[in-house]
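Residues per chain, in single letters:
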Amino acid sequence: MTQKHILSLLVSAALLCGLLAGCSNTTNGDASHASSSASEPSSVSSESVPSSTAQADTSGLFNKDFDENSLFSVDGTAAAFEPSLGWGPGVSGCSLKSVQAAATLLVWADEANLSARTETAIEDAYTQWYDNLSDSEQEGFAEAWPMIKDDAAALLEDKDAMAGRLEDVGLDAKKLTFSEKDWNALEDVVDPLVPEAKGEY
């Protein structure tokens, strides 16, 4: 009876040790799982924006480096159109002012890669600038626009032939870069919006 009692105690002790060992492993496993789960939120939060969005490849859309939203917004409009204001046909020096305005818009259109922008983005940029002008500034721009278009066409056709006029306004023809497709993207949007041009469309 005593031997059976001792044997029973030993078996119970062995079972108890087995249970304790199992609990210990489970606890460690749970702790490990909890620790790994606890670390997950930080990794998720650090990638709250999908990498495909954060590192969007815009090389197929743009020839220059623009952020992902640049397709829908155009910057620098006021500065680009500034030389187009304050003069008109018949004003002293208007031929030089016109070539300066044309060159400035051509370079801006190229730098902003307007041919890759939506027409809505270009129109929004232009109308926001135009709507902030005074009545006299709007009228003056409308009068100057045909001259600016003519000089832009001349610059696109033969920039070197315009070198003298460009130099007179402080511009170096060799340093100016622009493209017909970017200018066309701007002209096609602006032309119908200039008051005198509305009847032509």
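We now turn to the structure provided with this report. Each chain carries its own residue numbering, running from 1 in the written order of its sequence. In view of the model being predicted, local features appear only for residues whose pLDDT reaches at least 70, and side-chain atom pairs are presented and counted only at 80 or more, with totals across whole chains, interfaces and linings using the full set of residues. Think of the side-chain values as coming from all heavy atoms in the structure, minus any hydrogens and water.

With that settled, the discussion passes to the overall build of the protein. Secondary structure elements follow DSSP: runs of H or I of four or more residues count as helices, runs of E of two or more count as strands, with numbering from the N terminus. Helix and strand counts for the protein stand at eight helices and zero strands. When its helices and strands are written in sequence order, the protein yields α-α-α-α-α-α-α-α. Relative accessibility under 20% of the residue-type maximum defines a buried residue, over 50% an exposed one, and the middle range a partly exposed one, all with a 1.4 Å probe and only protein chains included. Taken across its 201 residues, the protein has 32% of its residues classed as buried. Note on contacts: a residue pair qualifies if any of its non-hydrogen atoms lie within 4.5 Å across the two residues. Expressed as a percentage of contacts within the protein between residues at least 6 apart in sequence, the contacts between residues at least 24 apart total 76%. Accessible area of the protein: about 12500 Å², with a carbon and sulfur share of 52%. Exposure was quantified through the Shrake-Rupley algorithm and a 1.4 Å probe, taking into account, for residues, occlusion by the shown protein chains and nothing else.

Turning our eyes to something else, we now look at the packing of helix α6 (residues 135–157) against helix α8 (residues 180–190). Here, axes are lines fitted to C-alpha atoms. For helices the fit covers the stretch in contact, and angles between N-to-C directions go from 0 to 180 degrees. One way to put it is that α6 packs onto α8 with a least axis distance of 12 Å and a crossing angle of 160°. Relative to α8, the element α6 lies roughly antiparallel. When you trace α6 past α8, the crossing you get is left-handed. Along the contact surface, α6 presents Phe 141, Trp 145, Lys 149, Ala 152 and Leu 156, while α8 presents Glu 180, Trp 183, Glu 187 and Val 190. Each residue gets one of three labels, nonpolar for Ala, Val, Leu, Ile, Met, Phe, Trp, Tyr, Cys and Pro, charged for Asp, Glu, Lys and Arg, and polar for the others, Gly among them. Taken together, the residues of the contact of α6 with α8 break down into six nonpolar, no polar and three charged. Put simply, angles under 35 degrees are roughly parallel, angles over 145 are roughly antiparallel, angles from 65 to 115 are roughly perpendicular, and the rest are oblique. We call a crossing left-handed when the near helix sits turned anticlockwise from the far one by less than a right angle, and right-handed when that turn is clockwise.

Once that is clear, we can look at the pattern of salt bridges. Salt-bridge detection follows one rule: a side-chain nitrogen of Lys or Arg within 4 Å of a carboxyl oxygen of Asp or Glu. Per the stated rule, a full pass over the model turns up two salt bridges. Put simply, Arg 165 and Asp 151 hold a salt bridge, and the shortest N to O gap is 3.2 Å. Taken as a pair, Arg 165 in helix α7 (residues 163–168) and Asp 151 in helix α6 lie far apart in primary sequence, 14 residues in all. Looking at Arg 165, the relative accessible area reads 27%, which means it is partly exposed.

A separate point is the packing of aromatic side chains. Note on ring pairs: Phe, Tyr and Trp rings are taken, using the six-membered ring of Trp, and paired if centres are within 6.5 Å. Classes follow the plane angle, with under 30 degrees stacked, over 60 edge-to-face and the rest tilted. Applying the stated rule across the entire model yields 11 aromatic pairs. Joined through ring pairs, the aromatic side chains of Phe 81, Trp 108, Tyr 126, Trp 129, Tyr 130, Phe 141, Trp 145 and Trp 183 make up one cluster. Only Lys NZ and Arg CZ are tested; either one counts as a charge over a ring when it is within 6 Å of the ring centre and within 35 degrees of the ring normal. Lying over the aromatic face of Phe 178, Lys 159 brings its terminal NZ or CZ to 5.6 Å of the ring centre.

Quick look at a negative patch on the surface now. A patch consists of residues whose relative accessible area exceeds 30% and which take part in no salt bridge; residues with like charges are grouped when within 9 Å of each other, and nonpolar side chains (Val, Leu, Ile, Met, Phe, Trp, Tyr) when within 5 Å. Residues scored as charged are limited to Lys and Arg (positive) and Asp and Glu (negative), so that His and the chain ends carry no count. Each charge is placed at NZ for Lys, CZ for Arg, CG for Asp and CD for Glu. Taken together, the side chains of Glu 119, Glu 123, Asp 124 and Asp 188 present a region of like negative charge at the surface. Counting residues per element, the negative patch draws most heavily on helix α5 (residues 119–131), at three residues. Its location among the elements puts Asp 124 in helix α5. For Asp 124, a relative accessible area of 35% corresponds to the partly exposed category.

Most peptide bonds are trans, and most residues other than glycine sit at a negative phi. The residue Asn 113 is not glycine, and still its phi comes out positive at about 50°. Tracing the backbone through its elements, the reader meets Asn 113 in the loop between α4 (94–111) and α5. The class for Asn 113 is buried, based on a relative accessible area of 3%.

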